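Each chain, letter by letter, is given below.
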There are 4 protein chains.
Amino acid sequence: MDKNKFALTPPMGWNSYDYYDTTVNEQHIKDNAAYMAKHLKKYGWEYIVVDIEWYSYGAGSRRNEYQYIPFGKVEMDEFSRLLPCPERFPSSVNGKGFAPLAEYVHSLGLKFGIHIMRGIPRIAAHLGTGIKGTDKTASDIANAYSICPWNPDMYGLDVGKQEAQAYYDSLMELYAEWGVDFVKCDDICRYDADTSEQEIIMLHRAISKCGRPIVLSLSPGPAIIDKAWVYEKYANMWRITDDLWDDWKHIVNMFDRCEIWQNHVSEGCYPDCDMIPFGMIGRGFRKERKTNLTIDEQVSLMTLWCIFRSPLMLGAELTQLDDETEKLLTNEKVLHLLKHSHGAKQLRRNEKEAVWTSVDDEAGIVYVALFNLGEEFANLSVDVQELCDSLSLDFLYESQTTIVELWSGKRYMDISDNIPKHGARLFRIEKQ
Amino acid sequence: MDKNKFALTPPMGWNSYDYYDTTVNEQHIKDNAAYMAKHLKKYGWEYIVVDIEWYSYGAGSRRNEYQYIPFGKVEMDEFSRLLPCPERFPSSVNGKGFAPLAEYVHSLGLKFGIHIMRGIPRIAAHLGTGIKGTDKTASDIANAYSICPWNPDMYGLDVGKQEAQAYYDSLMELYAEWGVDFVKCDDICRYDADTSEQEIIMLHRAISKCGRPIVLSLSPGPAIIDKAWVYEKYANMWRITDDLWDDWKHIVNMFDRCEIWQNHVSEGCYPDCDMIPFGMIGRGFRKERKTNLTIDEQVSLMTLWCIFRSPLMLGAELTQLDDETEKLLTNEKVLHLLKHSHGAKQLRRNEKEAVWTSVDDEAGIVYVALFNLGEEFANLSVDVQELCDSLSLDFLYESQTTIVELWSGKRYMDISDNIPKHGARLFRIEKQ
Amino acid sequence: MDKNKFALTPPMGWNSYDYYDTTVNEQHIKDNAAYMAKHLKKYGWEYIVVDIEWYSYGAGSRRNEYQYIPFGKVEMDEFSRLLPCPERFPSSVNGKGFAPLAEYVHSLGLKFGIHIMRGIPRIAAHLGTGIKGTDKTASDIANAYSICPWNPDMYGLDVGKQEAQAYYDSLMELYAEWGVDFVKCDDICRYDADTSEQEIIMLHRAISKCGRPIVLSLSPGPAIIDKAWVYEKYANMWRITDDLWDDWKHIVNMFDRCEIWQNHVSEGCYPDCDMIPFGMIGRGFRKERKTNLTIDEQVSLMTLWCIFRSPLMLGAELTQLDDETEKLLTNEKVLHLLKHSHGAKQLRRNEKEAVWTSVDDEAGIVYVALFNLGEEFANLSVDVQELCDSLSLDFLYESQTTIVELWSGKRYMDISDNIPKHGARLFRIEKQ
Amino acid sequence: MDKNKFALTPPMGWNSYDYYDTTVNEQHIKDNAAYMAKHLKKYGWEYIVVDIEWYSYGAGSRRNEYQYIPFGKVEMDEFSRLLPCPERFPSSVNGKGFAPLAEYVHSLGLKFGIHIMRGIPRIAAHLGTGIKGTDKTASDIANAYSICPWNPDMYGLDVGKQEAQAYYDSLMELYAEWGVDFVKCDDICRYDADTSEQEIIMLHRAISKCGRPIVLSLSPGPAIIDKAWVYEKYANMWRITDDLWDDWKHIVNMFDRCEIWQNHVSEGCYPDCDMIPFGMIGRGFRKERKTNLTIDEQVSLMTLWCIFRSPLMLGAELTQLDDETEKLLTNEKVLHLLKHSHGAKQLRRNEKEAVWTSVDDEAGIVYVALFNLGEEFANLSVDVQELCDSLSLDFLYESQTTIVELWSGKRYMDISDNIPKHGARLFRIEKQ
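Residues take numbers from 1 onward in each chain, read along the sequence in its written order. Chain letters and ligand numbers both follow the written order, the letters beginning at A and the numbers at 1. In view of the model being predicted, local features appear only for residues whose pLDDT reaches at least 70, and side-chain atom pairs are presented and counted only at 80 or more, with totals across whole chains, interfaces and linings using the full set of residues. Side-chain measures here rest on the full set of heavy atoms in the structure, leaving out hydrogens and waters.

Draft legend 1. Quick peek at the interface of chain B and chain C. Here, residues are in contact when the closest pair of their heavy atoms is within 4.5 Å. On the side of chain C, 23 residues touch chain B, which itself brings 23 residues to the contact. Buried area: the sum, over both parts, of the accessible surface (1.4 Å probe) that disappears when the two are put together. For the pairing of chain B and chain C, the buried interface totals around 1,700 Å² over both sides, and the portion due to carbon and sulfur atoms is 57%. The largest per-residue losses of area from chain B upon contact with chain C belong to Phe 71, His 126 and Tyr 145 of chain B, which jointly make up 42% of the total buried on that side. Within this document, salt bridges are pairs made up of a side-chain nitrogen of Lys or Arg and a carboxyl oxygen of Asp or Glu, the two lying within 4 Å of each other. Where chain B packs against chain C, one counts one salt bridge. Put simply, Arg 62 of chain C and Asp 140 of chain B hold a salt bridge, and the shortest N to O gap is 4.0 Å. Contacts described as polar in this section are N or O atom pairs within 3.5 Å, which, within protein, must combine one atom able to donate a hydrogen with one able to accept it, while residues neighboring in sequence count only if both atoms come from side chains. Joining chain B to chain C, the criterion identifies 10 residue pairs in polar contact (both at pLDDT 80 or more). Breaking the side of chain B that touches chain C down by element, the ones donating at least two residues are helix H4 (122-127), helix H5 (138-141) and strand E5 (142-147) of chain B. Residues of the side of chain B that touches chain C, tallied by class, amount to 15 nonpolar, three polar and five charged. Helix and strand labels come from DSSP, where a helix needs a run of H or I of at least four residues and a strand needs a run of E of at least two; each type is numbered from the N terminus. Classes in brief: Ala, Val, Leu, Ile, Met, Phe, Trp, Tyr, Cys and Pro nonpolar; Asp, Glu, Lys and Arg charged; the others, Gly included, polar.

Rendered as structure tokens:
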């Protein structure tokens, strides 16, 4: 199996983290899936991802002290594999795991994803539970020195042992049986552990063996640019920042990150700008709120994510989606870039502005995005000569050229506008 | 002008540094050019590059104390531009600069290049000489805090001043008048100075304005992988290591570097593995010698450079080239990869071996290079399944497939061989 | 000569930098010296120090562009030694240098100091001027790669050459002839250059040879704690921070620095908290102002500097000293700690408060300083048991004990008070 | 209790690690103690220290895989406190712990020490065992993110919780009951964990409360020089290097470390050069051997350790001590420096030699040590003027002065000798 065929364009979906933190349950997943199927699927949104600690009892119940309760009870099978906590995922009992929930999601025409942590449960290592297909135990393959710096659940694996590969194989085998389409593996992307690279390769091999095209997503960022070739060879998407939230500073920072990663987007290989914190978020964090981003800031985020071709994962509780937000997420002409543009690059950036371009060669279209990074309205424009030089075009404007700004749908005479602070314009230039 | 059109395939040529250090003169250049034209040109070798301190009087005369004599005399025009030292380049007198020498090189059907240091001569700043087309002096645009850590000749520029761009413009204007085809700018690639990035962009702009397609080569390495997008946007080649010499450790280290840069080779954009220290080298360094690399090590170097598609710049004194060395440099089937393969990537590497692959899609050819990095003979081979997976091929061998090892010219039954220490094999696999 | 005998207690004086920057002249120095002699000398203040670029023509004349004009004209003798600029120091003409000014300062019963930059003038290296007592020139001993990161005047020395020592010897010989009592050498303390350590030793040797007990002060900070033994062995005082200005954040930061250096204060060895930015400062910087520090903040600074036993160097223009400021600088009981206490250490520190203690064993006195680092009034106190434990005392309070707060002069019943934000109290505890 | 009174001079003793690794047992301890009492006690040797993992079952039994078996069985009480493994320390059964063994050691006139790891057993956190005097469990106070990078036994403590202090208090209370005189706490000295500093303070407090003067020794090194004031305030000795073994490179490296720490030796405060790997060592490591250090190298080690005044802890199996080694450890005139010299400092050091000095002011003695760091015999000497300057002496030699080299016992005419490679001379200079 060629992993670059698993996701021919950047994945689009929803993830439970931004709203639910560790508290998500089966009904929440179903409700969001149903909403997506009804309202968003036709625009390309298709993944439903259950994020962190679906295996933990009491997850989120001591939120004032801990995001992740240390030394807490988890659901686990005889082979040291974590299972959904039956208190929150009742359909998982009797060894069915996530299969019933995945089946439901599939029945809606959507895809099903789960979050995992690198490694093997610490409690398995201390109890010495088994590893499927081997005569070893978790105590033998757990690396007692490899822990996650922000979550207390797992030990990394002793990558020198073949039973460690067997363990990852047994995980992917189980997930394939459940019908999982997408695995977001955490504590692995930014190489906090010495063994990160080897564990990425082991996960890739396990997926290759399992027979199901499971998209592999790596977290958390920032990914290491020296290791771009590793991510590109073994994974489908990798987080290029730490967690992104509804704070303009986080969006501004993403321009730094996209700048660095601009030449690393290709079919099956997507630097990931992280989930989109629009709409209602934060309940599991005990800070439930409507996003703090202004509409202009949201437009900038969507513009950058789409022209850069980041995966798009919604953080909002979908069942509470307001019309204004939904409109931002369903602009077909903007989302079109995700599937039908390429070669995105930064033309210029300073503290006041950023300009990005990309092209759709087949359709003879050039895209230009202008971002106002400053703190007041600004007239921004692109130097046409610089643009042509950059794109190796002899000319751009001619009588037959039309310029349309995709958020407003209006026609323009040139690539310039008076843009509010933190706002953006996305221009499509094409010959008629 | 689109700089990516200046060098459609990796440049091939000769550079004066490895043999002459700072002592090269006009006759040396002519002799090497003549040899290249007669013996090597037909294999694609075409650049003749005059390396460092062609402007210095007495360069190399205090070699026991200094490689580069500090505070020494240099030849300079009224606009603070360095000129060839007339004692070593007599044809340059009367303001003709390198024009006569370039003309000679062109007359042989070859191309002419020169080395420069980032910035403006220190002596110009202390004397306050002029900047062409402006009313400022070198004192105004020199950055007193920006010096090269290993050469005492220049100050970097004060990049915030427009006259600094004017100075670089005046340089490229002069070089274009001389007929220069290739500029290797030193002290800029590994960002030792805060202003490196801006100076790269300024050099690019100066070339764009000068009207001549001058290939821009950046030194010294290691280039910064975070800045890959800068090199790719503004330069043609950039050194990915510090100076490479005839020591196997340097070759082994290049596998580290090529691994990191493997996804950054494209038309007009070449990560540069540095000059090839074969044949007679070291005279200017007062260590004249036949290369210390064994033939097997030389085969490995050529194999890696060619499959990776590094620029190839010879360090050897060409007039003393022996047959064995020349044969390594004129294997047409190996050099063919430089112009007709792409997508080179490392399949596997450890302390004992490395395996690289690339393809020629149009011709339906797969290349595989096996390197023995160990200290004794070893049987190396490639796992065909791993290779197919990596290249997204369904199968590789079939009845109609031929496998040829390009250094020996022999046909093989599979991709494996018993390889001497530090040696390599380069296989071409194609359907008949 | 034992350098630890040059300054038996922390030096106290005035330095021209905070008010004049590079613009100080002879009359300024005389006026400040006269003021000190009349008003401050009796409290122990005695050094008058001419700070940076007394050798430069036009210093400060292009302040909007440069603090230090690059490639400007300097006054220099035939032996590459900088001399006072005669435009600003008219008494220095005819080779008299600073001798007349030093004589004037001495006539007031004060001591005279000057600032120098590590190394030799760049212009000397480019012109090849001589080195006294040798047949070498500045070109031979200047290190073309050793420059200051913030001042363009000098090259460091090639410390491997004995003529480099001869140059420093010639400097100190000249300064001794002038009657210099104190040399503040800049660009050397924080080891920005590879050769810093060797140049410190060379300066020490030059002073030892010159026959005059010249106090050696090193700048800028932060000094490197690994090298404490070097400073202690070869210098008298060394800056433990970067430049300190009239900003509370700088004072707070000093607690970090004093914490680290607390066990490194001894006779002839003084970690230096930098100049005191009280009163009128900033004219040469074109930001003339009364200090931005509140009185409470000034009390905190004086309390910390005195209990820690930092050298005290005034930055204020003395002739404009107001009564309130002068009172802070002439509290005899507080200044007493500088000469008659030792063993200062931090008892406790967090974001809200700091507590320091020291003792005067001979007099049977304990000092305790309480600092309110918070942003509002706070009741601060010391735990007597913790204090006794820390000082290895069996008890502290008894019937015959008196507690006096030295800023207010009031008697207290215990070591506690309600202290304004950023303020301090300094308690003296003694048996009657 | 003033911790600086716990060890008025550098501790001298024996530690089980170098010979036994994790395998030491009760009989081994007794045998070594008996040997020390009989042969070494009269020279000042007095501590017997049981090193790492005395609480582990099967320690050392899987030495080909692990030095410290992860997830293995340990002996622990109801309050999460580790107890001696009864299989190796039979006298410890029935809750007696180390009390019987300590009593035996004390009966010989010696002192008893143990090694501990920072923190609380991981298994206690996973099982939720209690904390003495509190209603919390190990799960509540263990910090799941704080682990040792080289030993898998413990979690660090959650230093923000008062029950964490209670746990350390309960440890020291237990050790005081046992009769422990010396605690070597590991995984704490080089601040591998964020909480190291706080845990050092907590240990200090626990000792202060326990009522017994337990010497606190911190490992492993290298200690952080920025934190010198912390070690000096709260501990008695702290390792200034990583583990030292019988390899000359380790000894040479110690000169780097002693240079940095030379001004930090005082009563109760000892930078620790680590155990002395002489005689028979390495059995527990399955590399039993006579030390690889030559006699000259051993002389150098002893000379440096003694003039620097490092604690001296023997690594050799004492019962196998040969005469030649024992002689090195019982030279009274050399060991005299440990108790009766001070102010040791490095006079000079380069790749070839090192010179250290110290003084015994009361006795009017100067000590000078010459070390030959080169690879062949060398004539080394000290410049008397430099020595006098350094020590602030007016003169050194006079008619009544005697110079004795302490290893040979011979009288010399001056401080110089022809010294074998890696060897040393230690001179005592005194007026008769």
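Draft legend 2. Inspection of the packing of helix H10 (residues 295-308) of chain A against helix H12 (residues 332-340) of chain A at higher detail. Residue and element names in this part refer to chain A. Whenever a helix is involved, its axis is fitted only over the stretch in contact; in every case the axis is a line through C-alpha atoms, and angles between N-to-C directions fall within 0 to 180 degrees. Across the interface, H10 lies against H12 with an axial gap of 7 Å and an inter-helix angle of 30 degrees. Relative to H12, H10 is oriented roughly parallel. Between H10 and H12, the contacting residues are Met 302, Trp 305, Cys 306 and Ile 307 on the first element and Val 334, Leu 335, Leu 337 and Leu 338 on the second. For the contact of H10 with H12, the residue count by class is eight nonpolar, no polar and no charged. Here the angle decides the label: under 35 degrees means roughly parallel, over 145 means roughly antiparallel, 65 to 115 means roughly perpendicular, and every other value means oblique.

Draft legend 3. Spatial organisation of the environment of Leu 328 of chain B. Tracing the sequence through the fold places Leu 328 of chain B in helix H11 (residues 323-329). In this view, Leu 328 of chain B contacts Phe 278, Ile 295, Gln 298, Val 299, Met 302 and Trp 407 of chain B; residues no more than four positions away in its chain are not counted.

Draft legend 4. Quick peek at the interface of chain D and chain A. Counting from both sides, the interface comprises 23 residues of chain D and, opposite them, 23 residues of chain A. Where chain D abuts chain A, roughly 1,800 Å² becomes buried across the two surfaces, and 57% of that area is made up of carbon and sulfur atoms. A per-residue breakdown of the area chain D buries against chain A is headed by Phe 71, His 126 and Tyr 145 of chain D, which together make up 42% of the total. If you look at where chain D meets chain A, you find one salt bridge. Joining chain D to chain A, the criterion identifies nine residue pairs in polar contact (both at pLDDT 80 or more). Elements with a minimum of two residues in the side of chain D that touches chain A: helix H4 (122-127), helix H5 (138-141) and strand E5 (142-147) of chain D. By residue class, the composition of the side of chain D that touches chain A is 15 nonpolar, three polar and five charged.

Draft legend 5. Up close: helix H13 (residues 384-391) of chain C. Residue and element names in this part refer to chain C. The buried label goes to any residue with under 20% of its type's maximum accessible area, the exposed label to any with over 50%, and the partly exposed label to all in between, with areas taken from a 1.4 Å probe on protein chains only. For H13, every residue scored as buried is listed here: Leu 387, Cys 388, Ser 390 and Leu 391. Here the buried residues of H13 occupy an arc of 165 degrees about the axis, which is enough to place them on one side. Structurally, H13 contributes buried residues whose contacts are with strand E14 (342-349), strand E15 (353-360) and strand E16 (365-372). Where H13 begins, the side chain of Asp 383 points an oxygen toward the backbone nitrogen of Gln 385, at a separation of 3.0 Å. The directions from the helix axis to the C-beta atoms form the arc being described.

Draft legend 6. Up close: the arrangement of the chains. At no point do chain A and chain C touch; the closest pair of C-alpha atoms across them sits 22 Å apart. There is a clear gap between chain B and chain D: no contact, and 22 Å between their nearest C-alpha atoms.

Draft legend 7. Spatial organisation of the domain arrangement of chain A. All names here are of chain A. Per the domain assignment, the segments of chain A are domain 1 (3-330) and domain 2 (346-431). On the domain 2 side, the residues contacting the 16 residues of domain 1 number 19 residues. Summed over both partners, the interface of domain 1 with domain 2 comes to about 1,600 Å²; 67% of that surface belongs to carbon and sulfur atoms. Broken down residue by residue, the surface that domain 1 buries against domain 2 is led by Phe 255, Thr 303 and Ile 307, which jointly contribute 38%. Summed over the shared surface of domain 1 and domain 2, the number is two salt bridges. Here Glu 259 ties to Arg 349 by a salt bridge, and the two come within 2.8 Å at their closest N and O atoms. Inspection of the domain 1/domain 2 interface yields nine residue pairs in polar contact (both at pLDDT 80 or more). At nine residues, H10 tops the list of elements feeding residues into the side of domain 1 that touches domain 2. Where each domain begins and ends follows an automated or database-derived domain assignment.

Draft legend 8. Structural context of the environment of Trp 305 of chain A. Structurally, the position occupied by Trp 305 of chain A is in helix H10. Excluding residues within four positions of it along the chain, Trp 305 of chain A makes contact with Leu 244, Met 254, Cys 273, Asp 274, Ile 276, Ser 310, Pro 311, Leu 312 and Leu 338 of chain A.

Draft legend 9. Highlighting the pairing of strand E18 (residues 401-405) of chain C. Residues and elements named next belong to chain C. In terms of residue burial, E18 counts as a mostly covered element, since five of its five residues are buried. Side chains Thr 401, Ile 403 and Glu 405 project from E18 onto one buried face, and the interleaved Thr 402 and Val 404 project onto a second face that is buried too. We call two strands paired when DSSP finds no fewer than two bridges between them. Sheet topology places E18 next to strand E21 (residues 424-431); five bridges connect them, and they run antiparallel. When the bridges of E21 are listed, Glu 405 appears paired with Phe 427. Pairing analysis gives two bridges linking E18 to strand E19 (residues 411-412), with the strands arranged antiparallel. Looking across to E19, one finds that Val 404 is bridged to Arg 411. Turn length for the E18-E19 hairpin, with the two strands adjacent in sequence and antiparallel, is five residues, and the turn residue Gly 409 shows positive phi of about 75 degrees.

Draft legend 10. The arrangement of the relation of the copies chain D and chain A in detail. Least-squares superposition aligns the copies on the C-alpha atoms of those residues with pLDDT at or above 70 in both. For the pair chain D and chain A, the relating rotation is 180 degrees, the translation along its axis is 0.0 Å, and the fit reaches an RMSD of 0.0 Å. Accordingly, the operation relating the two chain copies is best matched by a two-fold axis. Of the C-alpha atoms belonging to chain D, the one lying closest to the rotation axis is found on His 126 of chain D, 3.9 Å away. In this assembly, 100% of the residues forming the interface of chain D have copies in chain A that are likewise at the interface, indicating an isologous arrangement.

Draft legend 11. The arrangement of the relation of the copies chain B and chain C in detail. Between chain B and chain C, which share one sequence, the superposing operator has a rotation angle of 180 degrees and an axial displacement of 0.1 Å; the RMSD is 0.0 Å. With an isologous cut-off of 70% or more, the 100% of interface residues of chain B that recur at the interface of chain C puts this contact in the isologous class.

Draft legend 12. The arrangement of the sheet that holds strand E15 (residues 353-360) of chain A in detail. Residue and element names in this part refer to chain A. Taking strand neighbours across the sheet as the criterion, the six strands line up as E14-E15-E16-E21-E18-E19 in an open arrangement whose pairing is antiparallel. Of all the strands in the sheet, just strand E14 (342-349) and strand E19 (411-412) have a single pairing partner and so form its edges. Pairing between E15 and strand E16 (residues 365-372): eight bridges, direction antiparallel. Considered in E16, the bridge of Ser 358 is made with Tyr 367. Sheet strands in contact with H10 are E14, E15, E16 and strand E21 (424-431), and its direction is about 145 degrees off that of E16. This element, H12, spans E15, E16 and E21 of the sheet and lies at about 65 degrees to E15.

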